[in-house]
Amino acid sequence: RSRGRSGEAAAHFEEALALYREIGNLQGQAQVQNSLGSVYFDLGQWADADKVYRQAGQTFTQLGNIYNRIFVDNNLGGIALNQGRLDDALLYYQRALTALETIGGSLWVTGALHLNLGATHTRRAELVIAFTHLYDSQRLFEQAQSREMLPELHRRLAEAFLARQDFDQAREQADQSLTLAQELAALG
């Protein structure tokens, strides 16, 4: 999947899922379902991704695995955002952030959730809230000393500046996103 070979990844995840089901390993099933959902997500197959993510989420909830359930909610939020269901996206992202704050999650994951909330508020034209989340995300990534999500952060900042009609800042953020993506060899 990380090499962009989604078809092969899906086949391997399907095989792993069958094996986990055969041995009755619920945790393994849910983790593979979440990964399989991400393959469908990458392919834009929203209905398939949604179905598999929900199955994973039910299992993680059944197992009491709050941390992995957070990732499922984030992924479901991504589907909703891509489909333009912005209220649903906010619900999923906020639920994930609240759960993460409850269990004391990592700076990186918290930053990613703020990034996604910022993107959603930008799409809703709620720019003050969007910038607050985006700058919170930037601060958290800096604290975590993580650069992995910076191309996406600057892309989302460019979108927010564009929505505010600050074209110079939008261009600067877009250029920074592209430069970082190239530097980090980010496929997306």
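Residue numbers run consecutively from 1 along every chain, following the written order of its sequence. For a predicted model such as this one, the threshold for reporting local features is a pLDDT of at least 70, and the threshold for listing and counting side-chain atom pairs is 80 or more; totals across whole chains, interfaces and linings nevertheless cover every residue. Hydrogens are left out, water is left out, and the side-chain values use all remaining heavy atoms of the structure.

### What about the nonpolar core?
Tyr53, Val72 and Leu76 are the most contacted members of the largest nonpolar core, which totals 15 residues. Elements represented by at least two residues in this core include exactly helix H1 (6-23), helix H2 (26-42), helix H3 (46-63) and helix H4 (66-83). We call two residues in contact whenever any of their non-hydrogen atoms come within 4.5 Å of each other. Aside from chain neighbours lying at most four places away, what touches Val72 is Asn34, Tyr53, Ala56, Gly57 and Phe60. What makes a nonpolar core is a set of buried Ala, Val, Leu, Ile, Met, Phe, Trp, Tyr and Cys residues whose side-chain atoms join them at distances within 4.5 Å. When accessible area is computed with a 1.4 Å probe and restricted to protein chains, residues below 20% of their type maximum are described as buried, those above 50% as exposed, and intermediate ones as partly exposed. Of all hydrophobic cores here, the second largest spans 14 residues; its members include Ala89, Leu90, Leu97 and Leu100. Helix numbers and strand numbers start at the N terminus; a helix is a DSSP run of H or I with at least 4 residues, a strand a run of E with at least 2.

### Considerations on the pattern of salt bridges
A carboxyl oxygen of Asp or Glu within 4 Å of a side-chain nitrogen of Lys or Arg is what we treat as a salt bridge. With the rule as written, the count across this model stands at 16 salt bridges. In this structure, the salt-bridge partner of Asp175 is Arg171, at a minimum N-O distance of 3.1 Å. Taken together, the residues span about one helical turn, with Asp175 and Arg171 both in helix H9 (residues 167-183) at a distance of four residues. Judged by its relative accessible area of 37%, Asp175 falls in the partly exposed class. We classify Arg171 as exposed; its relative accessible area is 57%.

### A few points about the packing of aromatic side chains
For any pair of aromatic rings, geometry is given as the distance between the ring centres together with the angle between the planes. Ring geometry is summarised as follows: Phe, Tyr and Trp rings, the Trp one being its six-membered ring, pair when their centres sit within 6.5 Å, and such pairs are stacked at plane angles under 30 degrees, edge-to-face over 60 and tilted between the two. For the structure on display, the rule yields four aromatic pairs. Judged by centre distance (5.1 Å) and plane angle (75°), the rings of Phe41 and Trp46 are edge-to-face. Given a relative accessible area of 23%, Trp46 falls into the partly exposed group.

### So, the packing of helix H6 (residues 107-123) against helix H8 (residues 150-163)
Closest axis-to-axis distance for the H6/H8 pair is 10 Å, and the angle between their directions is 25°. Our classification of the angle between H6 and H8 gives roughly parallel. Of the two elements, H6 crosses H8, and the hand of that crossing is left-handed. Contact residues: H6 offers Leu115, Ala119 and Thr122, while H8 offers Glu152, Leu153, Arg156, Glu159, Ala160 and Ala163. Three classes are used: nonpolar for Ala, Val, Leu, Ile, Met, Phe, Trp, Tyr, Cys and Pro, charged for Asp, Glu, Lys and Arg, and polar for all others, with Gly counted as polar. When its residues are assigned to classes, the contact of H6 with H8 shows five nonpolar, one polar and three charged. Axis angles are defined between N-to-C directions and span 0 to 180 degrees, where every axis is a line fitted to C-alpha atoms and, for a helix, only to the segment in contact. Note that the term roughly parallel is reserved for angles under 35 degrees, roughly antiparallel for angles over 145, roughly perpendicular for angles of 65 to 115, and oblique for everything else. Working rule for handedness: look at the near helix, and if it is turned counterclockwise from the far one by less than a right angle, call the crossing left-handed; if clockwise, right-handed.

### As for the side chain of His133
Looking at where His133 falls in the secondary structure, it is placed in helix H7 (residues 127-144). Overall, the relative accessible area of 13% leaves His133 in the buried class. Ignoring any residue separated from it by four or fewer positions in sequence, one finds His133 in contact with His114, Leu115, Leu117, Gly118 and His121.

### A short note on the environment of Tyr135
Inspection of the secondary structure assignment puts Tyr135 in helix H7. Classification of Tyr135 by relative accessible area gives partly exposed; the value is 39%. Sequence separation between Tyr135 and Leu157 is 22 residues, and the spatial gap between their C-alpha atoms is 8.7 Å. With sequence-adjacent residues up to four places away left out, Tyr135 is seen in contact with Leu157 and Phe161.

### Digging into unusual backbone geometry
Look at Ala125: it is not a glycine, yet its phi comes out positive at around 65°. Mapping Ala125 onto the fold places it in the loop between H6 and H7. A relative accessible area of 60% means that Ala125 is categorised as exposed. Here Gln165, not a glycine, exhibits a phi torsion of approximately 65°, which is positive. For Gln165, a relative accessible area of 59% corresponds to the exposed category.

### Section: the environment of Arg147
Secondary-structure assignment places Arg147 in the loop between H7 and H8. Residue Arg147 is classed as partly exposed on the basis of its relative accessible area of 38%. Separated by 34 residues in sequence, Arg147 and Ala181 have C-alpha atoms that sit 9.9 Å apart. In contact with Arg147, not counting residues within four places along its chain, are Leu180, Glu183 and Leu184. Polar contacts involving the side chain of Arg147 include one to the side chain of Glu183, which spans 2.6 Å. Each polar contact in these results corresponds to two N or O atoms within 3.5 Å; when the atoms are within protein, one needs to be able to donate a hydrogen and the other to accept it, and residues that are neighboring in sequence are counted only if both atoms are side-chain atoms.

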